[in-house]
Amino acid sequence: MATHAGHERFGRLIGRTAVLPIMARRIPIIEDEAVDPEFGTGAVKVTPAHDLDDYEIGLRHKLDAPTVLTDTGKMNELAGPYVGLDRYEARDAVVRDFEREGLLLKIEPYRHSVAHCERCDTVVEPRISTSGG
């Protein structure tokens, strides 16, 4: 998790840890200037293995970069109860689980750019890769 040092709600939590729901994984709460305190809640999840901006944050803070996606877009063993699910099925399952546990306050529409393959028009999921291709 990352927030801005001056954020009135989350700034005081910098240096502590949060528990990732469902997985019960402890994650650090860090301060990074890339976080816009006026956008959304003012705190963001950081997924260094699945987002270019988050990758840069991860490098700055020496964060682990676990990847939960296989080459075929399915969830791997690090995805806990979602292992084997397609990425879209897993996202829907997380929302359902958050709703069931009372962890979801609201869903807001948000426009953003999503990369698509120029040949087959499928969504390109950013992920760390060691292959040269």
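Now for a look at the structure at hand.

1. Regarding the sheet that holds strand 4 (residues 30-31)
So, step 1. As summarised here, the arrangement of the three strands in space is 4-1-5, forming an open sheet in which the pairing is mixed. The open sheet is flanked by strand 4 and strand 5 (43-44), the only strands paired with a single partner.
So, step 2. Sheet analysis places strand 1 (residues 2-3) next to strand 5, joined by two bridges and oriented antiparallel. Across the sheet, Ala-2 pairs through a bridge with Val-44, a residue of strand 5.

2. Considering helix 2 (residues 87-100)
So, step 1. For helix 2, spanning 14 residues, the distance from its first C-alpha to its last is 20 Å, which sits close to the expected 20 Å at 1.5 Å a residue.
So, step 2. Within helix 2, the full set of buried residues consists of Arg-87, Ala-90, Ala-93 and Asp-97. End-on, the buried residues of helix 2 take up no more than an arc of 115°, which puts them together on one face.
So, step 3. For helix 2, the N-terminal capping position is held by Asp-86, with its side-chain oxygen 2.9 Å away from the main-chain nitrogen of Tyr-88.
So, step 4. Just downstream of helix 2, Gly-102 is the residue with a positive phi angle, here 75°.

About the cut-offs
- Residues numbered from 1 in each chain as written.
- Predicted model: local features only at pLDDT ≥ 70, side-chain atom pairs only at ≥ 80, totals over all residues.
- Heavy atoms only, no water.
- Pairing = 2+ DSSP bridges.
- Helix = DSSP H or I, 4+ residues; strand = E, 2+ residues; numbered from the N terminus.
- Expected span 1.5 Å × (residues − 1).
- Buried < 20%, exposed > 50% of the residue type's maximum accessible area, 1.4 Å probe, protein only.
- Arc of directions from axis to C-beta.
- Polar contact = N/O pair within 3.5 Å; in protein donor to acceptor, adjacent residues only side chain to side chain.

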